[in-house]
Amino acid sequence: TQNVNQNSGALNRNAGAARGANASVSDLTRGVLQGNLAFFTLRGTLIQVQRAFSDVRQAMVAAVSAASEQQAAMAQVDQILRNTGETMSGLRESIVDLSTKYQALTGVGDEVIQKFQGQLVAFGATTETIDRLTKATLDLSAGMGKDLNSAALLIGKALQGQFSTLSRYGITVD
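About the cut-offs
- Residues numbered from 1 in each chain as written.
- Predicted model: local features only at pLDDT ≥ 70, side-chain atom pairs only at ≥ 80, totals over all residues.
- Heavy atoms only, no water.
- Salt bridge = Lys/Arg side-chain N within 4 Å of Asp/Glu carboxyl O.
- Helix = DSSP H or I, 4+ residues; strand = E, 2+ residues; numbered from the N terminus.
- Buried < 20%, exposed > 50% of the residue type's maximum accessible area, 1.4 Å probe, protein only.
- Lys, Arg positive; Asp, Glu negative; His and termini not counted.
- Contact = heavy atoms within 4.5 Å.
- Expected span 1.5 Å × (residues − 1).
- Polar contact = N/O pair within 3.5 Å; in protein donor to acceptor, adjacent residues only side chain to side chain.
- Axes fitted to C-alpha atoms, helices over the stretch in contact; angles between N-to-C directions.
- Parallel < 35°, antiparallel > 145°, perpendicular 65-115°, else oblique.
- Left-handed = near helix turned anticlockwise from the far one by under 90°.
- Nonpolar A, V, L, I, M, F, W, Y, C, P; charged D, E, K, R; others polar.

### Some words on the pattern of salt bridges
Now for step 1: Taken as a whole, this structure holds 3 salt bridges when the rule is applied.
Now for step 2: A salt bridge links Asp27 to Arg30; the shortest N-O distance between them is 2.6 Å. Pair noted here: Asp27 and Arg30 are both in helix 1 (residues 2–84), with a separation of 3 residues, about one helical turn.
Now for step 3: By relative accessible area, Asp27 is classed as partly exposed at 47%.

### Here we look at the side chain of Glu111
Now for step 1: Note on placement: Glu111 falls in helix 3 (residues 110–122).
Now for step 2: Within the buried core, Glu111 has no salt-bridge partner, and the shortest N-O distance to an opposite charge, that of Lys115, equals 7.7 Å.
Now for step 3: Sequence-distant contacts of Glu111, defined by excluding residues within four places in its chain, comprise Glu69, Gln70 and Ala73.

### Topic: helix 5 (residues 148–159)
Now for step 1: Across its 12 residues, helix 5 extends 16 Å between first and last C-alpha, which sits within 8% of the 16 Å expected from 1.5 Å per residue.
Now for step 2: All of the buried residues in helix 5 are Leu148, Ala151, Ala152, Leu154, Ile155, Gly156 and Ala158.
Now for step 3: Elements that come into contact with the buried residues of helix 5 comprise helix 3, helix 4 (130–144) and helix 6 (164–167).
Now for step 4: Near the N-terminus of helix 5, the side chain that reaches the backbone nitrogen of Asn149, with its oxygen 3.2 Å away, is that of Asp147.

### A look at the environment of Ile113
Now for step 1: Along the polypeptide, Ile113 turns up in helix 3.
Now for step 2: With a relative accessible area of 0%, Ile113 lands in the buried category.
Now for step 3: When the C-alpha atoms of Ile113 and Ile95 are compared, they prove to be 8.6 Å apart, with 18 residues separating the residues in sequence.
Now for step 4: Residue contacts for Ile113: discarding those within four places in its chain leaves Ser99, Tyr102, Gln103, Thr106, Val108 and Thr134.

### Regarding the packing of helix 3 against helix 5
Now for step 1: Across the interface, helix 3 lies against helix 5 with an axial gap of 9 Å and an inter-helix angle of 25°. As the angle between them shows, helix 3 and helix 5 are arranged roughly parallel. In the packing of helix 3 onto helix 5, the handedness of the crossing is right-handed. Note on element contacts: helix 5 touches helix 3 through Leu148, Asn149, Ala152, Ile155, Gly156 and Leu159, opposite Val112, Phe116, Gln119 and Leu120.
Now for step 2: Of the residues that constitute the contact of helix 3 with helix 5, the class distribution is 7 nonpolar, 3 polar and no charged.

So, in structure tokens, the structure goes:
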């Protein structure tokens, strides 16, 4: 009987130890699951941060590219002004002001407007005519579905008295 009691006590102690070990395994499993949850939450946050940095990088690249395009457009305008002998200050300032104005009205980038304004100056536009010619070019482009450089070429040719190109598009000049 004493052996049975000893064995029974040993079994009870082993069962208690097994319950304690089971509880420890359950606690460990819970801890691992919480750790996994924290890891996946952190991973998700890091992915969002990475996307945000990528968006910022893309915006910066676009801004630098637009600034570079605008600088190139103004360099082209400056060269045309030098070639045509125009006084750079008045006409150049008009080009910059008008490109900003028409960008706000049309959504067309000011560097794009400055490029075709340079073409118009090469065809003979002056400080007095650049506003009307810029508006006419934007209107012609929108009305005919032509790109702005082609529209500026048509306006420029008309400025030089070559109206036959416009007549091909059904536009008559009196």
